[in-house]
Amino acid sequence: MSNATLTNLLDYLYGTLTPSNMRWVGEHLIEYARKEEEAPLQKPFTMEEIDAMLDEAERDFEAGEFLTHDEVFHRHKEALSV
């Protein structure tokens, strides 16, 4: 994003946010930026790793260790209500 665009965004926020809203936005942006900077870089999986994951998933499926669509949906719904 260009400096001009960022400056325009700042000017807009200065004109529309209260001081407490500015602090809130600033704190959240800083927190998010820290998490992004500290997050370990994801390296791509190798074909061997992908094959191993698929083999494990196939074994689990054959052993009956899987969730039905309804079970997945129910867990998702529970997670959202927490």
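Residues numbered from 1 in each chain as written. Predicted model: local features only at pLDDT ≥ 70, side-chain atom pairs only at ≥ 80, totals over all residues. Heavy atoms only, no water.

(A) Structural detail: the overall build of the protein. Helix and strand counts for the protein stand at four helices and zero strands. The order of helices and strands in the protein, counted from the N terminus, is α-α-α-α. Taking 12 Å as the expected radius of gyration for a compact globule of 82 residues, we find that the protein reaches 23 Å, considerably beyond that expectation. Across its three principal directions, the C-alpha atoms of the protein cover 60 × 35 × 20 Å. A total of 82 residues make up the protein; the buried ones form 0% of that total. When the accessible area of the protein is evaluated, it comes to approximately 8,000 Å², of which 60% is carbon and sulfur surface. Measuring between centres, the 7 positive side-chain charges of the protein sit 9 Å from its 18 negative side-chain charges. (Helix = DSSP H or I, 4+ residues; strand = E, 2+ residues; numbered from the N terminus. Rg over C-alpha atoms; globule rule 2.2 N^0.38 Å. Buried < 20%, exposed > 50% of the residue type's maximum accessible area, 1.4 Å probe, protein only. Areas by Shrake-Rupley, 256 points an atom, 1.4 Å probe, with all protein chains shown as cover. Lys, Arg positive; Asp, Glu negative; His and termini not counted. Charge placed at Lys NZ, Arg CZ, Asp CG, Glu CD.)

(B) Region of the structure containing a nonpolar patch on the surface. Together, Met1, Leu6, Leu9 and Tyr12 line one region of the surface with nonpolar side chains, adding up to about 470 Å² of accessible area. With respect to the secondary-structure elements, Met1 resides in the segment before α1 (3–16). Under the relative-accessibility criterion, Met1 is labelled exposed at 76%. (Patch = residues over 30% accessible without salt bridge, like charges linked within 9 Å, V, L, I, M, F, W, Y side chains within 5 Å. Salt bridge = Lys/Arg side-chain N within 4 Å of Asp/Glu carboxyl O.)

(C) Fine view of the environment of Asn21. Tracing the chain through its elements places Asn21 in helix α2 (residues 19–38). Reaching out from Asn21, the side chain makes a polar contact with the side chain of Thr18 at a distance of 2.9 Å. (Polar contact = N/O pair within 3.5 Å; in protein donor to acceptor, adjacent residues only side chain to side chain.)

(D) Region of the structure containing the confidence of the model for the protein. Averaged over the protein, the pLDDT score is 91; the fraction of residues at 70 or greater is 99%. When pLDDT is averaged over each element of the protein, helix α3 (residues 47–62) comes out on top at 96 and helix α4 (residues 69–81) at the bottom at 85. (pLDDT = per-residue confidence, 0-100.)

(E) The arrangement of a negative patch on the surface in detail. On the surface, a cluster of negative charge is contributed by Glu48, Asp51, Asp55, Glu58 and Glu62. Here Asp55 is to be found in helix α3. Since its relative accessible area comes to 39%, Asp55 is described here as partly exposed.

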